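Observations on the model geometry
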Amino acid sequence: MFSGSIPALATPFRDGSFDESAFRKLVDWQIDNGSSGLVPCGTTGEASTLSNAEHHRVIEVCIEQAAGRVPVIAGCGSNDTRNAALHMNFAKKAGAAAGLCVAPYYNRPSQAGLIAHFSYLAENCDLPIVLYNVPGRTVTDIEDETVCELVNKYPEQIVAIKDASGDLSRVADHRMGIGRDFCQLSGNDELWLPHNAAGGRGAISVTANVAPALCAEFQEAINNNELQRARELNDRLFPLHYAMFSDASPAPAKYALSRVHDWFSPSVRLPICEASEASRKAVDEALEHAGLI
């Protein structure tokens, strides 16, 4: 259903508030440079610091500005099942193509709890669901058996997974347990190449925020089986993948965007702080290595 380079968009702030003008420019720039989809209100979008009203406005603006040119996968995750359903129903009405639903964080639900959580979402909104497994942030891991059970239970509703577990064997496990057509997207930029080689279809990417054209070209090379070209582009992008996490995310990504665009502020919301001096140095070096500044 989804494929290619799909940025997990940063949410720009100006004087503490959502900078709608900058966000609209970011959406246009992403589409103009080959991004095949957009994800507002994910982790990189600082969804955990947005009020529900802000969260919904960011989704709404993204869909308005994209204007059907690419699909919008709206971040709908919450550690409160009812609030996740609220986000999904809003995203559905706003015109999103799917909802990105992270495993509930902090609560540490069991696998039975995860099945109940995602089953509730699937049964209470007909917006397609992209599962998001990122145990490094949520602590809870959506285990392979749980993914397979959910997708086989709701094959029309749960259409994809963004996997940021770092375990590449899961691509094959999901293919064996669900089928080869199940849409798997990498959630780790540094594993984008091997994830696609194993059967993935692209990535929901942090790096694509600042390097959309390179990331889109990289995915195109993979799709065309141009391995040498894909490796060359991966080498250009690789330092940037790590620089994006040289400080608490998304501070480095926002700093990188501010280096590329004077209309994008590096401002973040507490408890995230702006990128440290060491992080800024790492980002600058990675941007130069990639030929972006």
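Residues numbered from 1 in each chain as written. Predicted model: local features only at pLDDT ≥ 70, side-chain atom pairs only at ≥ 80, totals over all residues. Heavy atoms only, no water.

Here we take up the packing of helix α6 (residues 144-153) against helix α7 (residues 169-177). Between α6 and α7, the least distance of the axes is 10 Å, while the angle of their chain directions is 35°. By crossing handedness, the relation of α6 to α7 is classed as right-handed. Together, Asp 144, Val 147, Cys 148 and Asn 152 of α6 and Arg 170, Asp 173, His 174 and Gly 177 of α7 make up the contact between the two elements. (Axes fitted to C-alpha atoms, helices over the stretch in contact; angles between N-to-C directions. Helix = DSSP H or I, 4+ residues; strand = E, 2+ residues; numbered from the N terminus. Left-handed = near helix turned anticlockwise from the far one by under 90°. Contact = heavy atoms within 4.5 Å.)

So, about unusual backbone geometry. Following Ser 249, the chain continues into Pro 250 via a peptide bond in cis, with omega recorded as 15°. Position of Pro 250 among the secondary structure elements: in the loop between α10 (227-243) and α11 (251-260). The residue after Leu 270, namely Pro 271, is reached through a cis peptide bond having omega 15°. Note that Pro 271 resides in the loop between α11 and α12 (277-290). We note that Val 139 has phi near 75°; this positive angle belongs to a residue other than glycine. Structurally, Val 139 can be placed in the loop between α5 (135-138) and α6.

Okay, the pattern of salt bridges next. Here the structure, examined in full by the defined rule, presents 18 salt bridges. For Glu 54, the salt bridge is made with Arg 269, and the minimal N-O distance between the two is 2.7 Å. Of this pair, Glu 54 sits in helix α2 (residues 52-66) while Arg 269 is found in the loop between α11 and α12, placing the two residues 215 residues apart along the sequence. According to the relative accessible area criterion, Glu 54 is partly exposed, its value standing at 21%. Overall, Arg 269 belongs to the buried group, its relative accessible area being 16%. For Arg 170, the salt bridge identified is with Asp 141, shortest N-O distance 2.6 Å. Separated by 29 residues along the polypeptide, Arg 170 in helix α7 and Asp 141 in the loop between α5 and α6 bring together distant segments of the chain. By relative accessible area, which is 10% here, Arg 170 ends up buried. For Asp 141, a relative accessible area of 21% gives the class partly exposed. Through salt bridges that share partners, Glu 20, Arg 24, Arg 57, Glu 60 and Glu 64 make up one connected network. (Salt bridge = Lys/Arg side-chain N within 4 Å of Asp/Glu carboxyl O. Buried < 20%, exposed > 50% of the residue type's maximum accessible area, 1.4 Å probe, protein only.)

Here helix α4 (residues 111-124) is 14 residues long and its end C-alpha atoms lie 20 Å apart, about the 20 Å a rise of 1.5 Å per residue gives. Taken residue by residue, α4 has Leu 114, Ile 115, His 117, Phe 118, Ser 119, Leu 121 and Ala 122 as its buried positions. As for α4, its buried residues are in contact with α3 (81-94), β5 (98-102), β6 (129-133) and α6. (Expected span 1.5 Å × (residues − 1).)

In this section: the pairing of strand β8 (residues 183-186). Side chains Cys 183 and Leu 185 of β8 all project onto a buried face; the interleaved residues Gln 184 and Ser 186 project onto the opposite face, where all are buried too. Pairing of strand β7 (residues 158-163) with β8, which is carried by four bridges, proceeds in the parallel orientation. Bridge pairing in β8 links Ala 160 to Cys 183. For the handedness criterion, the β-α-β arrangement of β7, α7 and β8 is classed as right-handed. (Pairing = 2+ DSSP bridges. Right-handed = clockwise from strand over helix to strand, strands pointing away.)

This brings us to the side chain of Asp 144. Within the secondary structure layout, Asp 144 lies in helix α6. Assessed through its relative accessible area of 15%, Asp 144 is described here as buried. Separated by 3.3 Å, the side chains of Asp 144 and His 174 make a polar contact. Excluding anything up to four places from it in sequence, Asp 144 contacts Arg 170, Asp 173 and His 174. (Polar contact = N/O pair within 3.5 Å; in protein donor to acceptor, adjacent residues only side chain to side chain.)

So, about the packing of aromatic side chains. Evaluation of the coordinates by the stated rule reveals four aromatic pairs. An angle of 85° between the planes, with centres 5.2 Å apart, marks the rings of Trp 192 and Phe 218 as edge-to-face. Of the two residues, Trp 192 is situated in helix α8 (residues 192-198) and Phe 218 in helix α9 (residues 212-223); the sequence distance between them amounts to 26 residues. For the pair formed by Trp 192 and Phe 218, the shared burial category is buried. Sitting over the ring of Phe 13, Arg 269 keeps its end group 4.4 Å from the ring centre. (Phe/Tyr/Trp six-rings, centres within 6.5 Å; stacked < 30°, edge-to-face > 60°. Lys NZ or Arg CZ within 6 Å of the ring centre and 35° of its normal.)

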